[in-house]
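Listed below, chain by chain, are the residues.
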Amino acid sequence: MFRLRTPLWAALALVAALVTAPPAQAAAEPLTVTDFEATTLPAGVSAWGNDGASTPTLTVEPDATRPGAPTTNRVLKAVYNVSQWGGWSHDLTTAQDWSAYAGFSFWVNGTGSGQKVFFEVKDGGGGAGSAELFESSFTDDTAGWRQVQVPFSGFTRRADYQPGGAPTDGELDLVAMWGYSMRLPAASGTLFWDDVQVYGTAPPRPVRLATDKPVYPVNEKGTAEVRVSVTTATGGPLPADLAVGYRTGTGTATPGQDYTPVEGTLTFPAGTASGSAKAFTVKTLADNTAEMAETIPIVLSGTGTRPPAEVPAIVINAHGLPYLDARKPVKQRVADLLGRMSTEEKVGQMTQAERLALGSPNDIATYLLGSLLSGGGSTPPSNTPKAWADMIDGFQLRAQQTRLQIPLIYGVDAVHGHNNVLGATIFPHNAGLGATRDAELVERAGKVTAKEVKATGVPWDFAPCLCVSRDDRWGRAYESFGEDPALVSRMATIIDGLQDNGALATAKHYVGDGGTTYGSSTSGDYKIDQGVTQVTREQLAAVHLAPFAEAVRRGVGSVMPSFSSVDFGQGPLKMHAHKELITDVLKGRLGFKGFVISDWQAIDQIPGDYPSDVRTSINAGLDMIMVPYAYPLFTSTLKDEIAAGRVPMARIDDAVARILTQKFRLGLFEHPYADRSGIGDVGSAAHRAVARTAAAKSQVLLKNEDRLLPLRRDAKVYVAGSNADDIGNQTGGWTITWQGSSGPTTQGTTILSAIRGRAASVTYSADASAPLTGHDVGVVVVGEKPYAEGMGDVGVNGHTLDLSAADRAAIDRVCAAMKCAVLVVSGRPLLMGDLSKVKALVASWLPGTEGAGVADPLFGAVPYTGRLPFTWFRTAEQVPINVGDASYDPLYPYGWGLRTDRARDRLKAAYDRLADGDGASRAASATLLVALPANNWNADGSVRNTRVVLGALGTAAALLDRSATDAYAQDDAVVSVARDIAQATGRRPDLQASADHELAAGNVRKAVDLLTQAAR
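Since the structure is predicted, the reported quantities are computational estimates derived from the model, not experimental observations.

**Q** Just to check I follow, could you spell out the overall build of the protein chain for this structure?
**A** The secondary structure content of the protein chain amounts to 25 helices and 38 strands. For the protein chain, the C-alpha radius of gyration of 32 Å lies close to 31 Å, the compact-globule estimate for 1016 residues. For the protein chain, the spread of C-alpha atoms along the principal axes amounts to about 125 × 80 × 60 Å. Looking at the protein chain residue by residue over its 1016 residues, the buried ones come to 59%. Expressed as a percentage of contacts within the protein chain between residues at least 6 apart in sequence, the contacts between residues at least 24 apart total 76%. Surface summary for the protein chain: the accessible area is close to 38,000 Å², and the carbon and sulfur share equals 52%. Positive and negative side-chain charges of the protein chain, numbering 92 and 105 respectively, have mean locations separated by a distance of 5 Å.

Pasting the structure below:
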C-alpha cells in the first residue's frame, strides 16, 4: 500500500505544478536558412550598394574546403569594392518562425584583413523591406573558414537605419523573420559564405509586462490610472496564476508632498488571455508652488516576468511658470524659458534625429531632443493618417517627461502634398505648379498640404524648394518651380498657404543648389546634385538669392541650407559652413528671424573631423542639426565644443531662442498633439479637387496642329505608352518612398482611367501592340520613371534626357497609323526626336494622384492655359539653356504655352475686372475697349487686327504698371493675348521667353513690348 510521505498540501502543489507547467521543450534541430548548393544564386539573394561600383558581385562556386563540407559543396563568393555602403541580402518571400532557436550562425572564409563586417536579421513587419533590423558583427581576423555563431540575445536594434514602415517596438520577437543582410566594409576584398542557419534551443521566454502608456502626464491634485497588461511569448493564455507587484519608485517628485505613494499586487489567474490588463491609480497633491515637471517612476515585478524595457512614469506637469502663460508675448516666454535651461537642454533643442534611429523612444527624454523627423519613406508600420498621429503623439508624450516639457517639433518632406502617407492628396511637383503660373492656386495647394500634415501630428514641412533650376540634367529639377527667379519668387505664396494654416514652412535649399556645374559633385556617383555653384556674388543674388528674399519677406519660419557648395572664385565652400551667406546675408541683410535647419547628415560633408564639422556649422549660423542617426555623438560633441569655448554660448542662445520662438508661435506648448478633427479630410474629395485643378492648369500645350486638341467626347481613342496607367510614374519621386516607384503606390486616378471616364471608346495597349485600325485618334503617354535627388542626375543609374526605346516605338507606331497626341509625363524637358507625325504635344510634368486633371483639358472640360517653367531644349548639346542666354534657339522657349480658350474672352474678362479698380486700372480698362470690337477678331476668338490689338495692349500695360489694384490674373490675361500673336509667328523665341520673365517680375508693359517685337 502506498503511503504519503510528504504533507498533503505539498503533494497537491506538486500535482498542480505538473498539470499546469508547459511540457519541456525538445532541443531544436538547426534550421538551414540559406545554402548554396545550386549553380545559381538562391531565390531572394541579391547584392546592393550606394552605386554600381559598390554593389558586390555574387557568384556560386564549388568549394569543399569548409570543415565538414561534402565533396560536392558549393559556396557564395562576394567580390566587393565598396565606397560608402554595399552588401548582400537573403530576403524571404514567406516569414519564418525562429522563436524556438537560440541564435544565428554562418560559415565565412575570410582573409584576416581585420575589417569589421556587420550583419542583421529582419524581424516582423509586412516583408523584408519593412522589417525591424537587429544587428551584430564579426571581425575578419582569420584567414580561412570559420563559423560565426551569435545568440539572438547578442543582437541589438540597428541605430543608424531602419526601413520605412518597420515595427518600432525594439523587441526581437523572432516569430516572423524575413531574412538577413551582410553589410560589407567600405573597402575592397573577397569573402566566401556558406550554410546560414539558426541553431540551438531558445531559453524559456518570460511573460512581458507593459503599461498602456509609457508616460502619464497629470496636473497637481489629479489622478493617474495605470493599466498593466500581461503578454505571453506564444500568445496563449497564462498557464498559471501570476502575481504582478507594483509600486511608485524614486523620482524627482517628493512622496507625501507631491503625491501619495502606492504599492500593491495585481493578480492574473491561470487562463487569463494574453494581453489582458488590470489597473491601479496614483493621486497627486498640491503644494501651491510654481515649478517644473516632476516624475514618479512605476516599478513592476513578478516571478517569470519581464518588466517594460523602459520604466513607465507619472509626470506632474510643470505649472505656474511664465513661459507656460499663453497670454504673455512670445519674446517674454522665450526669454523666461531660455533662462531656465541647462547647456544639455539647449543642445537637445538643437538636435534633430530620424525617428527610426532612436535606440529607444525614451531617448527623446534622455537626450532632451528638440525635434524628430521622418525621412522619405520613414512611415509607421501601418501607413495611415491615424497611425501617423498615434506615432507622433507617442513621441510627444515622451517629451512631456522632461522637466521643462518642451514639445518636439516633428518634420517631414511634404513636398507635393503629404507625400509619405498612403491615400494623401498628392499635388503636381513644383515644376508642374510653376507651369500653372497661378500663385493663388499654389497657395491653396499649400493650405491643403498644411491641413493634411497637421491632422497627422506634423507641424513642420521641409518645403517649399525655392531653388532656381538652371540645368535639366539635375535630378532635382522637378522640385523647382522653374528656371526664372522671378517665377520662383512668385510661387513663394505656398509659404502663406502652409504657415497661415498651422504648418511651419522651410525655404530650401539655401542657396544656389539649382546652379551647380555638371560634373562638380563629389557625392558618390552623382554628377550635378550636391555639386559646386560657380558664380559671382552679384549673379548669386540676382538668380538664386531672390526667391529666398521673398520667402523672408513672407515670414518663412525655417530655412534649410543646400548640400552644395558656392565658389565665388576663391574655391568652393560648403553651404553648411558658409557663415557669410547664412549669418551675414540671410540673418543679417535679409533679416531672417526664423531658424536654420541642416539637411540630412549634411554637416558630415564639411572637410575636417566631426568636432570641426559641428563647430563650423553652428558658428556659421546653423541653429538645428539634422543628425539624423548620430544624435548621441552630436550632443556630446557640441557640449564639448561649448565647454572648450570653441562655440560661444551667445551663439547657442541665439539658436535656441530662434527654435523656441517658432514652437511658441505654432502653439505647440498648448497643443502638442495631433488635431485629429482633420484626419477625415486627408485625401478627401475636396482636397483632391484642388489637386485636380492644379494638374489641369499645369498642362502645357506645346503643339496643336489642325487644332487636334481638345478631343471630342465621342472619339474612339487608342491609348499607349509607359506612363498612361501608372500612378507611381505620374506622381514621381518623393511619393510614399524617397525615390518613389512605379506601380500602384498610392490611391489616385491614372491618366488612362481618367481618359476612360471622358471618352466614349478607349483601347489601351502600353506597347501599342494591339490592333490600331478603327480609331479616330491616338494618345501616347510617355516619359520618365520616378527618381529623386542625385539618383536622377543624367549619367547616374542610366538616366538620360532621351525617351525610352519602348516609348519612342509606341509614338512611332501609333502616330504613323492615326492622328495622335503625345503627353510627356516627366520631371524635366526630354529629347523628343522626330515630331513630324505628332499632331499635338503636351508637357504633363508629374501631375500627382489626380490623373483626371490631365484628361480635363485633353477633352476640353477646361482650356489649356499652362506655360513652360523650363526652356525645352532642341538638342541635348544645348543643355544648360535658360531664358536670357545670349544664344537661345530652343525647341520651345521658356513661357511657351498654346491656349485653347478664346483670346477675346480673356481680354473681355480683364476689361470687366479692371473697370472696378483704381484710376490707372480704369484707364487700362477703357483702353482695352479699343481692342474689343468684333471686327478685330476672327470667328474663333483669335486676333485678326494685330496692329490695333497690340497697340491697345501696350497702352493698357503701361497703365497697369502704375496701378495698385490690378491683380496678376488681369496682367496675365492682357499679356497672354500678345503672347498668342507672337507664338503664332514662331519668331524670336528669345524675346518671347524674356517677356514671360518680365511679366513674372511685374513689368507688364515691357512684357507686351517684347512680344510685340517678336510678332513683327
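So that's the structure; there's more coming.
**Q** Please explain the side chain of Ser374 as it appears in this structure.
**A** With respect to the helices and strands, Ser374 occurs in strand E23 (residues 371-374). In this structure the side chain of Ser374 is engaged in a polar contact, spanning 2.9 Å, whose partner is the backbone oxygen of Ser378. Polar side-chain contacts of Ser374 include one of 2.6 Å to the side chain of Tyr410. If near-sequence neighbours (up to four positions away) are discounted, Ser374 is found in contact with Glu354, Arg355, Trp388, Met391, Tyr410, Gly411, Val412, Asp413 and Asn420.

**Q** How do you make sense of the pattern of salt bridges when you look at a structure like this?
**A** Oppositely charged side chains may form a pair once their charged atoms are brought near each other. Summed over the entire model, instances satisfying the criterion amount to 59 salt bridges. When salt bridges that share partners are traced, they join Glu120, Glu135, Arg158, Asp160 and Arg183 into one network.

**Q** What am I meant to see in the sheet that holds strand E33 (residues 700-704) here?
**A** Note on sheets: strands pair through backbone hydrogen bonds, and any given pair is parallel or antiparallel. The sheet built from six strands is open, its strands ordered E33-E38-E37-E36-E34-E35 with mixed pairing. Two strands bound the open sheet, and with one partner strand each, they are E33 and strand E35 (761-764). Averaged over all pairs of adjacent strands, the angle between strand axes in this sheet comes to 20°, irrespective of strand direction. Seen against the sheet, helix H17 (residues 751-758) touches strand E34 (716-720), E35, strand E36 (777-783) and strand E37 (820-825) and runs at an angle of roughly 155° to E35.

**Q** Teacher, can you tell me more about the environment of Lys837 here?
**A** Residue placement: Lys837 occurs in the loop between E37 and strand E38 (840-843). Between the C-alpha atom of Lys837 and that of Asp812, which follows or precedes it by 25 residues, the distance is 7.9 Å. Apart from the residues within four sequence positions on either side, Lys837 is in contact with Cys815, Ala816 and Cys820.

**Q** What is the right way to read the sheet that holds strand E27 (residues 532-534) from this model?
**A** Pairing is mixed in the open sheet, where three strands are placed in the order E27-E29-E30. Two strands lie at the open edges of the sheet, namely E27 and strand E30 (573-574), each paired on one side alone. Looking at chain direction, E27 and strand E29 (residues 565-567) are connected through three bridges and run parallel. Residue pairing in the sheet places Val532 in a bridge with Ser565 of E29.

**Q** When you look at the nonpolar core in this model, what are you seeing that I'm missing?
**A** Most often, soluble globular proteins keep nonpolar side chains buried together rather than apart. Grouped together as the largest cluster of nonpolar side chains are 123 residues, with contacts concentrated most on Leu337, Leu372, Tyr410, Leu466, Tyr510, Leu581 and Leu638. Here this core gets eight residues from one element, more than from any other, and that element is helix H7 (residues 439-455). Excluding anything up to four places from it in sequence, Leu337 contacts Tyr323, Leu404, Ile406, Leu660, Phe664 and Phe669. Within the second largest apolar cluster, 66 residues are counted, among which are Ala431, Ile755, Val824 and Leu846.

**Q** I would appreciate a short explanation of the packing of aromatic side chains in the present structure.
**A** How two aromatic rings sit relative to each other is given by the distance of their centres and the angle of their planes. In the structure shown here, the tally under the stated rule is 30 aromatic pairs. Residues Phe106 and Trp193 carry aromatic rings whose centres are separated by 5.8 Å and whose planes lie at 50° to one another, so their mutual orientation is tilted. With Phe106 in strand E6 (residues 103-111) and Trp193 in strand E12 (residues 188-199), the pair connects residues that are 87 residues apart, well separated along the chain. The exposure classification of Phe106 matches that of Trp193, with both residues buried. What links up through ring pairs into an aromatic cluster is the set Phe36, Trp88, Trp98, Phe104, Phe106, Phe119, Phe138, Phe152, Phe155, Tyr180 and Trp193. Its guanidinium or amino end placed over the ring of Phe268, Lys278 lies 5.5 Å from that ring's centre, counting from NZ or CZ. When the ring centre of Tyr518 is taken as reference, the NZ or CZ atom of Arg473 above it lies at 4.3 Å.

**Q** In this structure, what is going on with unusual backbone geometry? I would like to understand it.
**A** Leaving glycine out, the prevailing phi sign among residues is negative, and the prevailing peptide bond configuration is trans. For the peptide bond that leads from Leu709 to Pro710, omega is 5°, which places it in the cis range. Note that Pro710 resides in the loop between E33 and E34. Between Val879 and Pro880 the backbone carries a cis peptide bond, its omega angle lying at 5°. By the element assignment, Pro880 lies in the loop between helix H19 (852-858) and helix H20 (903-914). Even without glycine at this site, Gln405 takes up a positive phi of about 50°. Tracing the sequence through the fold places Gln405 in the loop between helix H5 (385-399) and strand E24 (409-412). Phi is positive for Arg988, which is not a glycine, with a value near 50°. Inspection of the secondary structure puts Arg988 in the loop between helix H23 (968-985) and helix H24 (989-1000).

**Q** For this particular structure, what's the right way to read the environment of Leu846?
**A** Along the chain, Leu846 turns up in the loop between E38 and H19. With relative accessibility at 6%, the residue Leu846 sits in the buried group. C-alpha of Leu846 to C-alpha of Arg692: the two residues are 154 residues apart in sequence and 12 Å apart in space. Sequence-distant contacts of Leu846, defined by excluding residues within four places in its chain, comprise Phe427, Pro428, His429, Tyr478, Asn729, Gln730, Thr731, Gly732, Val825, Ser826 and Gly827.

**Q** In this structure, what is going on with helix H18 (residues 805-817)? I would like to understand it.
**A** Residues three or four positions apart in an α-helix share a direction because the helix packs 3.6 residues into each turn. Helix length check: H18, at 13 residues, gives a terminal C-alpha distance of 19 Å against a target of 18 Å (1.5 Å per residue), a fit within 8%. Residues of H18 that are buried in the fold lie against E34, E36 and E37.

**Q** I'm lost on the pairing of strand E26 (residues 506-510) in this one. Help?
**A** Consecutive side chains of a regular strand alternate in pointing toward one face of the sheet and then the other. Extensive coverage of E26 is indicated by the burial of five of its five residues. As judged from the four bridges shared by E26 and strand E28 (residues 558-561), these two strands associate in the parallel manner. Bridge pairing in E28 places Lys508 opposite Met560.

**Q** Even after reading the chapter, I still don't get the confidence of the model for the protein chain, so can you show me in this structure?
**A** Parts of the model with low pLDDT should not have their predicted coordinates read in detail. Confidence along the protein chain averages 95 in pLDDT terms, with 97% of residues attaining 70 or more. Across residues 1-26 the pLDDT falls below 50, and counting only partners more than four positions away or on other chains, this stretch makes seven contacts in the model.

**Q** Would you mind going over the side chain of Lys663 with me for this structure?
**A** Mapping Lys663 onto the fold places it in helix H14 (residues 649-665). Look at Lys663: it is buried, it has no salt bridge, and the nearest opposite charge is Glu345 at 12 Å. If near-sequence neighbours (up to four positions away) are discounted, Lys663 is found in contact with Gln349, Gly370, Ile406, Pro407, Leu408, Ile409, Leu668 and Phe669.

**Q** For this particular structure, what's the right way to read the packing of helix H22 (residues 946-960) against H23?
**A** The relative placement of two packed helices is expressed as an angle between their axes plus a distance between the axes. The N-to-C vectors of H22 and H23 enclose an angle of 150°; their axes lie 10 Å apart at closest approach. As the angle between them shows, H22 and H23 are arranged roughly antiparallel. The way H22 lies across H23 gives a crossing that is left-handed. Only Asp971, Val974, Val977, Ala978 and Ile981 of H23 make contact with H22, whose side of the interface consists of Thr946, Val949, Leu950, Leu953 and Leu960. When its residues are assigned to classes, the contact of H22 with H23 shows eight nonpolar, one polar and one charged.

The rules behind each value
Residues numbered from 1 in each chain as written. Predicted model: local features only at pLDDT ≥ 70, side-chain atom pairs only at ≥ 80, totals over all residues. Heavy atoms only, no water. Helix = DSSP H or I, 4+ residues; strand = E, 2+ residues; numbered from the N terminus. Rg over C-alpha atoms; globule rule 2.2 N^0.38 Å. Buried < 20%, exposed > 50% of the residue type's maximum accessible area, 1.4 Å probe, protein only. Contact = heavy atoms within 4.5 Å. Areas by Shrake-Rupley, 256 points an atom, 1.4 Å probe, with all protein chains shown as cover. Lys, Arg positive; Asp, Glu negative; His and termini not counted. Charge placed at Lys NZ, Arg CZ, Asp CG, Glu CD. Polar contact = N/O pair within 3.5 Å; in protein donor to acceptor, adjacent residues only side chain to side chain. Salt bridge = Lys/Arg side-chain N within 4 Å of Asp/Glu carboxyl O. Pairing = 2+ DSSP bridges. Axes fitted to C-alpha atoms, helices over the stretch in contact; angles between N-to-C directions. Core = buried A, V, L, I, M, F, W, Y, C linked by side-chain atoms within 4.5 Å. Phe/Tyr/Trp six-rings, centres within 6.5 Å; stacked < 30°, edge-to-face > 60°. Lys NZ or Arg CZ within 6 Å of the ring centre and 35° of its normal. Expected span 1.5 Å × (residues − 1). pLDDT = per-residue confidence, 0-100. Parallel < 35°, antiparallel > 145°, perpendicular 65-115°, else oblique. Left-handed = near helix turned anticlockwise from the far one by under 90°. Nonpolar A, V, L, I, M, F, W, Y, C, P; charged D, E, K, R; others polar.

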